[in-house]
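Architecture at a glance
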Amino acid sequence: MSGIAMVSATAGALLAVSLTSTPLQQAQLSPQDEAVFDGDRISGGVLQFSELTRPVNLLVMGMSVLPPDVQNPPEETKNLRYLPQVNSFDGLADVMLLVKFDPETKKIVMLSVPRDTRTEIEGYGVRKINAANIEGGPALTARTVSNLLGGAGIDRYVRINVLGVAKLIDALGGVTVYVPKDMKYQDDSQHLYINLKAGKQHLNGEQTLQLLRFRHDELGDIGRIQRQQMVMRALMDQTLNPATVTQLPKVLDVVKDHIDTNLTVEELVALMGFGVRTNRSNMQMLMLPGRFSEKNEFDASYWLPNKNGIAKLMAQHFGLESEQEQQATATDPHSLRVAIQDSTGGDRSNLRPLIRALEKSGYRNIYVAKAWGEPLDVTHIVAQQGDGDSAEAIRDTLGFGEVRVESTGNLGSDISIQVGQDWLQQKSILEKSLTP
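Residues numbered from 1 in each chain as written. Predicted model: local features only at pLDDT ≥ 70, side-chain atom pairs only at ≥ 80, totals over all residues. Heavy atoms only, no water.

1. A look at the confidence of the model for the chain
- Averaged over all residues, the pLDDT of the chain is 88; the fraction at 70 or higher stands at 91%.
- Highest mean pLDDT in the chain belongs to strand β4 (residues 118–121) (98); lowest belongs to helix α1 (residues 2–20) (51).
- Note on residues 324–329: pLDDT is under 50 here. Beyond four places in sequence and across chains, it has seven contacts. (pLDDT = per-residue confidence, 0-100. Helix = DSSP H or I, 4+ residues; strand = E, 2+ residues; numbered from the N terminus. Contact = heavy atoms within 4.5 Å.)

2. With respect to the sheet that holds strand β15 (residues 337–342)
- The mixed open sheet is built from five strands, whose spatial order is β16-β15-β19-β17-β18. Each of the sheet's edge strands pairs with one partner strand only, and the pair in question is β16 (365–368) and β18 (402–404). Here the average twist between neighbouring strands, direction ignored, is 20°.
- Bridge count between β15 and β16: four bridges; the pairing is parallel. Bridging from a neighbouring strand, V338 pairs with I366 of β16. (Pairing = 2+ DSSP bridges. Axes fitted to C-alpha atoms, helices over the stretch in contact; angles between N-to-C directions.)

3. Some thoughts on the pattern of salt bridges
- In this structure the tally under the stated criterion is 21 salt bridges.
- As a salt-bridge pair, R54 and D155 come within 3.1 Å of each other at their nearest N and O atoms. With a gap of 101 residues between them, R54 in the loop between α2 (31–34) and β1 (56–64) and D155 in the loop between α3 (132–148) and β6 (156–161) connect regions that are remote in the sequence.
- For the salt bridge of E135 with R127, the shortest nitrogen-to-oxygen distance reads 3.2 Å.
- Classification of E135 as partly exposed rests on a relative accessible area of 29%.
- Here the salt bridges do not stand alone but share partners, grouping D94, R115, D116, K128, D221 and R224 into one network. (Salt bridge = Lys/Arg side-chain N within 4 Å of Asp/Glu carboxyl O. Buried < 20%, exposed > 50% of the residue type's maximum accessible area, 1.4 Å probe, protein only.)

4. Let's talk about the sheet that holds strand β2 (residues 92–102)
- The sheet built from six strands is open, its strands ordered β11-β6-β1-β2-β3-β12 with mixed pairing. Among the strands making up the open sheet, the edge pair consists of β11 (259–261) and β12 (283–287). Neighbour-to-neighbour, the strand axes of the sheet open up by a mean angle of 20°, direction not taken into account.
- Pairing geometry for β1 and β2, over nine bridges, is antiparallel. When the sheet's bridge partners are listed, N57 is paired in β2 with K100.
- Relative to the sheet, helix α10 (residues 307–318) contacts β1, β2, β3 (107–112) and β12, its axis offset from that of β3 by approximately 160°.

5. A word on the UniProt feature "domain: Cell envelope-related transcriptional attenuator" (unreviewed entry) in the chain
- Residues annotated by UniProt as "domain: Cell envelope-related transcriptional attenuator" (unreviewed entry) correspond here to residues 93–239.
- Across residues 93–239 one finds 38% helix and 34% strand; the C-alpha atoms that close the span lie 25 Å apart. (UniProt positions renumbered as here; feature names shortened; annotations may be inferred.)

6. Some thoughts on the side chain of T141
- Topologically, T141 is positioned in helix α3.
- T141 sits in the buried class, given a relative accessible area of 0%.
- Engagement of the side chain of T141 in a polar contact is seen with the backbone oxygen of G137, the distance being 2.9 Å.
- For T141, the contacting residues outside a window of four places in its chain are L59, M61, M96, A132 and N133. (Polar contact = N/O pair within 3.5 Å; in protein donor to acceptor, adjacent residues only side chain to side chain.)

7. Some thoughts on the nonpolar core
- Membership of the largest hydrophobic core comes to 57 residues, with the highest contact counts inside it found for L149, L358 and I394.
- A domain split of this core shows at least three residues from each of domain 1 (29–318) and domain 2 (333–434).
- Those residues in contact with I394 that sit more than four places away from it in its chain are V338, L358, Y363, I381, I415 and I417.
- In this structure, A166, L203, L235 and M236 belong to the second largest nonpolar core, which totals 51 residues. (Core = buried A, V, L, I, M, F, W, Y, C linked by side-chain atoms within 4.5 Å. Domains from an automatic or database assignment.)

8. Examining the environment of I225
- Counting through the fold element by element, I225 comes out in helix α6 (residues 220–239).
- Residues I225 and T408, 183 residues apart in the sequence, show an inter-C-alpha distance of 8.4 Å.
- Residue contacts for I225: discarding those within four places in its chain leaves S112, V113, P114 and M287.

9. Quick notes on the domain arrangement of the chain
- Segmentation of the chain into domains returns domain 1 (29–318) and domain 2 (333–434).
- Inter-centroid distance (C-alpha atoms) of domain 1 to domain 2 is 30 Å.
- The interface of domain 1 with domain 2 comprises 17 residues on the first partner and 17 residues on the second.
- Approximately 1,300 Å² of surface area, both sides summed, lies buried where domain 1 meets domain 2, with 53% of it carried by carbon and sulfur atoms.
- Interface area lost by domain 1 to domain 2 is led by Y178, Q226 and R233, which between them contribute 34%.
- Between domain 1 and domain 2 we count one salt bridge in total.
- For the salt bridge of R233 with E406, the shortest nitrogen-to-oxygen distance reads 2.9 Å.
- The set of elements that each furnish at least two residues to the side of domain 1 that touches domain 2 consists of α6, β12 and α10.
- In the side of domain 1 that touches domain 2, the residues fall into ten nonpolar, five polar and two charged. (Buried area = accessible area lost by both parts, 1.4 Å probe. Nonpolar A, V, L, I, M, F, W, Y, C, P; charged D, E, K, R; others polar.)

Spelled out as structure tokens, the structure:
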């Protein structure tokens, strides 16, 4: 029944959008730039338009554009004493994701690329990757991302201006998410004012933008990426359903002036249809392997990519063969870095049986990290580096918890165990199993 409803909804949405919306692509790409993207059809024809027919790699960019970034800034911005956001696509790529929609594995994989990633931009030398869009738009950005990721093909792109993000969230009815801590920041030069309190709450578009843009803590842009993944997870849980697909014309009408993409409306419907059908456990969120540059290591701060880690991740999640390709088996427990983050508010001594159970199963590199702020009913076993098999192995060892392939755990870990209330119920059982 839900499948029939979804198809009917997408059909109605497609018809309405086709009749009322303007073209979604705003950039004028040269034939050479268009050739960077795979133009082969990605969805079925006629009645099968909502069916994705092959894997698709979609490059998503969130644009933050100020008046100095554009050649002819709007007249109303010239005499202001601050720099407002401009509805343009010519600035820095503030957010960058490579999203794989794979009907063969029935998975959606999202790889976050930090804006400060140090890499080669063809014709412009070694720069931060977010500069690729300023120098050459979506095509140069796609080539740069592809080169960074070992030659991964990119089929389509989407650029959304930051002004459209708030409108998009509002059009979707807001988002319920846990704000991990109090966030307060003021930048008068851009009229950027962030003031959020910690805790679970329903945020409107402007508040969500504050959460997404905050980066003034010890993890900088990497902490911001973790919060982006939290928001994306919450949005997917709330909005990927047949009822939302029926709202596609309304949503597109609200944000179309802030979006530039070479996706057709039919292709967009096919991607959304695939998202509706995809099990939430098959939605995985990764982050580009790497490390922060050290003080005085370079003339600017960078995220330094780890080539071996990238090759392994691309082989495992994007099907890209390499010399470092790994078999889909769990890593040796001895070599895994396992972080434990308590969300129950209890004493650290309560975690000892958990640590002992892991040690008994061969895990040696275990440490207690900073507590997880959000109270959890169910323990999250987070595959921080994308190693879902090892996370599943730990879940089997413990006998409880929910595996999540995402990068919201402890940055230095391979697996982060965010301990929830279910641990308190399982604690006595584990303690008995550990008694000689």
